[in-house]
Amino acid sequence: MSTINYSEKIPNNVNLGEDRTLQRALEGWQPNFINWWDDVGPEGSTNHEVYLRTAVSVDPQGWAQFGHVKMRDYRWGIFLNPGDANREIHFGDHKGEKAWQDVPGEHRANLRRIIVTQGDTEPASVEQQRHLGLTAPSMYDLRNLFQINVEEGRHLWAMVYLLHKHFGRDGREEAEALLQRTSGDENNPRILGAFNERTPDWLAFFMFTYFTDRDGKFQLSALAESAFDPLARTTKFMLTEEAHHMFVGESGVSRVLARTAQVMNELKTDDAQKVRAAGAIDLGTIQRYLNFHYSVTIDLFGADQSSNAAIFYSSGLKGRYEEGKRTDDHVLKGQTYKVLEVKDGQLVEKDVPMLNALNEVLRDDFIKDSVAGVGRWNKVLEKAGIPTRLVVPHKAFNRQIGALAGIKMSPEGRVVNEVEWAARKNEWLPSAEDFAFVASLMGRVVEPGKFAGWISPPVMGINRQPVDFEYVRFG
Amino acid sequence: MDMAVEAGVIKQHLIDPEICIRCNTCEATCPVNAITHDDNNYVVRADICNGCMACISPCPTGSIDNWRTMPVVRAYSIEEQFTWESLPAELSPEELEAAGVAADTGDEAGAAPTPVPTQAQAAAEPVEPVFNSAQYGATVPPWSAAHAYTNLFPPKSPTTATVVGNFNCTEAGFDSETHHIVLDFGVVPFPVLEGQSIGIIPPGVDAIGKRHHARQYSVASPRNGERPGYNNVSLTVKRVTEDHQGDPVRGVCSNYVCDLKVGDTVQVVGPFGASFLMPNHPKSHIVMICTGTGSAPMRAMTEWRRRLRKSGKFEGGKLMLFFGARTQQELPYFGPLQSLPKDFIDINLAFSRTPGQPKRYVQDLMRERAADLAALLKDGASHFYVCGLKSMEEGVVLALRDVAKEAGLDWDTVGAALKREGRLHLETY
């Protein structure tokens, strides 16, 4: 069942045609999705033909087929990884039982909440990125943005399918609501804070796709362990698409750094103003963007102590990252984990029950992964002979969720008072002036093979195509 | 364990840690669990990886597609790979030889190290004689090619075939219209192999009242037919509207063939050709270099490999195509070519007359892909096919020679081996 049926209105590999009720319900949702795409999808791109990757099956040979497609004609659909009829639940209280093909009544509300929350992030990032096409630094980057946009749209489909198929009427209502909330809307915002932040420029976009799509990787990986088999299979396939999004972020920042280092070497300077005057983004600004996106993203993992997290794990709804590779008992009762809190103006660690700290466990896995990538960015500077290094700020820096919310802290992890925070905030987080400067560089460059002056060309093109390939044909 | 391992040499699959973003796609995709990671790197276990390539196309970065020829005993362990910050260089021919990988075995590893000429030797060489590309063309087929039947229907006793398909396989409205013609032989035996050609006798007589002679066209379909299981072949025929000087001329046979209707019958002779044949060995690599209707045999070979792969009888031999045309619109089979999976065939297209773009010829692309071609030149399982306009031949063979030289190979040795072993075939007109 790996081949996707493209002859149906909604391409799928889930035998949608055999379930007329579900098919009709999804076909009812589809026009609303297209309206949503037209209203808040990529701006001004209706007639572009974009060199997009489309899945024709979910096996390795079929899921990355490339060709020029109008985004509106992209075959959004429902693709699940092949299932294993004998799969067993491998963690929590139901460990050893057969994985569920249907939602158990007692977990219905929690599962719906998990799926809705995940689903809400997918259209949000499209909304956050809708203006970026107008300021792309190259045709190559423009194509990557659009690829991400259509796949985020498909991820929304993935969650909507689960809601429609497994949650009856309230599932359909939740699916409708996913199209009604809007990122940053005062009256009807997206569920999670980071998805209401603006993505004002391409540096922010690269940071977002590096950090926030990496959050996606960890959340989806945890859901891919789920006892609810359709969720596990759906998220497994989403993960393959998510990889490209992280690649755009990681290589994007790398290319910005490479260009900055080149300018610094040419001018023989580390003076931020001189670097800016030469049209490149100074390393201080890049560090501040990093601080912001990192701290906003680690909030996405939720409170450091959470009874919901414990319930989700014990009931088998959401595992840990790489649950199957861990060698403990996969039940975690009676174990503890260290979380941070501030006591008498000092950060201290305290032991809390492991099950309640699973958000923190996932956050720490994410942090390890993020830090390693920042190390790879630093190699770019190292190779160019620039002594500056980027660092991730302290876990407690600029947090809005959990025990650390609202605590004023320097990036190094020193608790500071309001006065110092106010005085130095612009050293640590991007200031209005930083945003204005980066915005000033955002001109549109879309001639094949040409790149804006603040970013280097990529090492190789997409799908082994040359860098100057016509990735987007403007209609 | 595959044959290469038994021979003491492997092509070790490695991931470039400088480009990899640690997204886990490869590990999640690998069907045999050969890929794993630590906090630093994603790595491939040499003893488990079977080179199935399932991980290649899902990788978003391209970091996954790296290979090193290694003696089994020296294969990089995963512990070693975990520490890497960049990929190690290829082992030199001397290192391979020292490790017992013989220079002259022509084995899977393709380790055919030849001494790099020293400066003194190079200086002592006389002035280079005029380069004659044709001398490198083989007159024997690859050792694993199937047996070819030839001349079953000689010019004096042609057979009849029925046209069952005729369509323009270039974009309509361009001067250089190229047609894809399908001929059916009914119950008359007419076995052909990829790379062979057949002759068509146009009806009527020429200016001095003599019967037209047959024109030869390469077969564009694989051995089991354009439609598998049917006794039919396809041809790629370009409508000739001007001669080599650019003066208007109406090609007798090409216009006859391009204007054929389904149901018409034609006089056919052949088949011809016993050396421009594809290797049957499932691990052999095929590099195809062509222009225009020179694509016919390349299409045939590619389609046969595609059918083999579909039926599971294909073991990872590489296909690499360099295809030149004046513009994309003039490139036969452009659409179908685009839909072939990237992990199945490595396609490089050169357009020499795209408005606003610099002219690019197949040999330019070959030089750009020198790294990949050099690896193939070193591999005794690689076969090179050149088909198309006469003017391309010298440039292509020169490009191969230069790629070999830059990779430290002695072209005279390599070129002679290619010819002797039926691994370089030139068919130009």
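Residues numbered from 1 in each chain as written. Chains lettered and ligands numbered in written order. Predicted model: local features only at pLDDT ≥ 70, side-chain atom pairs only at ≥ 80, totals over all residues. Heavy atoms only, no water.

Details of the side chain of His383 of chain B
All names here are of chain B. Note the following rule: We count a stretch as a helix when DSSP gives it H or I for four or more residues in a row; a strand needs E for two or more, and each element gets its number in order from the N terminus. Three labels apply to residues, based on accessible area from a 1.4 Å probe with only protein chains included: buried if under 20% of the type maximum, exposed if over 50%, partly exposed otherwise in between. Contact criterion: two residues are considered in contact whenever any of their non-hydrogen atoms come within 4.5 Å of each other.
Looking at the element boundaries, His383 is found in strand β14 (residues 382–388). Relative accessible area serves as the criterion here: at 4%, His383 is assigned to the buried category. Non-local contacts of His383, meaning those with residues more than four positions away in its chain, are made with Pro142, Pro279, Ser284, His285, Ile286, Val287, Gly422 and Arg423.

Details of the sheet that holds strand β12 (residues 319–325) of chain B
Residue and element names in this part refer to chain B. How we decide: For two strands to be treated as a pair, DSSP must find at least two bridges joining them. Fitting a line to C-alpha atoms yields each axis, with helices limited to the stretch in contact; the angle taken between N-to-C directions then spans 0 to 180 degrees.
Taken together, the five strands give an open sheet; going across it, the order is β13-β12-β11-β14-β15, and neighbouring strands pair in parallel fashion. On the outer flanks of this sheet lie β13 (346–351) and β15 (424–428), each paired with one strand and no other. The average angle at which neighbouring strand axes cross in this sheet is 10 degrees, direction not considered. Where β14 and β15 come together, five bridges link them in parallel fashion. Note on β15: the bridge partner recorded for Cys387 is Glu427.

Looking at the interface of chain A and chain B
To keep things clear, this is the line we draw: Two parts placed together each lose some accessible area under a 1.4 Å probe, and adding up what both lose gives the buried area. Just to be clear on terms, a salt bridge is a Lys or Arg side-chain nitrogen sitting within 4 Å of an Asp or Glu carboxyl oxygen. Think of a polar contact as two N or O atoms within 3.5 Å of one another; within protein, one of them needs to be a possible hydrogen donor and the other a possible acceptor, and neighboring residues in sequence only count if both atoms come from side chains. Residue classes follow a fixed rule: Ala, Val, Leu, Ile, Met, Phe, Trp, Tyr, Cys and Pro count as nonpolar, while Asp, Glu, Lys and Arg count as charged, and any other residue, Gly among them, counts as polar.
Each partner contributes residues to the interface: chain A has 27 residues there, and chain B has 30 residues. In this assembly, chain A packs against chain B so that about 2,300 Å² is buried in total across both faces, 47% of it on carbon and sulfur atoms. Across the contact surface, chain A and chain B share three salt bridges. Lys368 of chain A is the partner of Asp39 of chain B in a salt bridge, and the nearest nitrogen-oxygen pair spans 3.5 Å. In this assembly, chain A and chain B are joined by six residue pairs in polar contact (both at pLDDT 80 or more). At the level of elements, α5 (202–223), α6 (229–267) and α10 (358–383) of chain A are the ones that each hand at least two residues to the side of chain A that touches chain B. In terms of residue class, the side of chain A that touches chain B is built from 10 nonpolar, six polar and 11 charged.

Some words on unusual backbone geometry
Of note, the bond from Gly270 of chain B into Pro271 of chain B is cis; its omega dihedral lies within 30 degrees of zero at -10 degrees. Position of Pro271 of chain B relative to the elements: it lies in strand β10 (residues 265–272). A positive phi angle is found at His330 of chain A, which is not glycine, with a value near 60 degrees. With respect to the secondary-structure elements, His330 of chain A resides in the loop between α9 (307–314) and β3 (336–343). The residue Met53 of chain B is not glycine, and still its phi comes out positive at about 70 degrees. For Met53 of chain B, the position within the fold is in the loop between β3 (42–44) and β4 (66–71). By relative accessible area, which is 22% here, Met53 of chain B ends up partly exposed.

So, the confidence of the model for chain B
Residues and elements named next belong to chain B. Going by this rule: Confidence scores per residue from the predictor, reported as pLDDT, run from 0 to 100.
Chain-level pLDDT for chain B is 84 on average; 89% of the residues reach the 70-or-more range. The low-confidence segment residues 1–7, where pLDDT is below 50, has eight contacts with residues more than four positions distant or belonging to other chains. Low pLDDT, under 50, characterises residues 103–128; the stretch is placed with 36 contacts to residues that sit more than four places away or in other chains. Confidence metrics for the complex model read pTM 0.65 and ipTM 0.82.

Considerations on helix α2 (residues 108–128) of chain A
The condition is simple: Expected span of a helix: the number of residues minus one, times 1.5 Å.
When the terminal C-alpha atoms of α2 of chain A are compared, their 30 Å separation across 21 residues agrees well with the 30 Å that a helix rising 1.5 Å per residue should span. Most of α2 of chain A is tucked away: 15 of the 21 residues are buried.

Observations regarding the sheet that holds strand β5 (residues 159–168) of chain B
Residues and elements named next belong to chain B. The strand order β8-β7-β10-β5-β6-β9 describes an open sheet built from six strands, whose pairing is antiparallel. The two strands at the open ends of the sheet, each matched to only one other strand, are β8 (215–218) and β9 (232–238). Averaged over all pairs of adjacent strands, the angle between their axes in this sheet comes to 40 degrees, without regard to strand direction.

Description of the UniProt feature "binding site: NADP(+)" (unreviewed entry) in chain B
Residue and element names in this part refer to chain B. As a reminder of what qualifies: UniProt positions are given in the numbering used here, feature names are shortened, and annotations may be inferred rather than shown by experiment.
If you check UniProt for "binding site: NADP(+)" (unreviewed entry), the listed places come out as Ser218, Lys238, Thr293, Ser352, Arg353, Lys359, Gly388, Leu389 and Glu427 in our numbering. For Arg353, the location among the structural elements is in the loop between β13 and α9 (362–368). Take Arg353: its relative accessible area is 41%, and that puts it in the partly exposed class. The residues touching Arg353, leaving out its near neighbours within four places in the chain, are Arg326, Thr327, Lys359 and Tyr361. Among the structural elements, Glu427 can be located in strand β15. With relative accessibility at 28%, the residue Glu427 sits in the partly exposed group. For Glu427, the contacting residues outside a window of four places in its chain are Gly195, Ser218, Phe276, Val386, Cys387 and Gly388.

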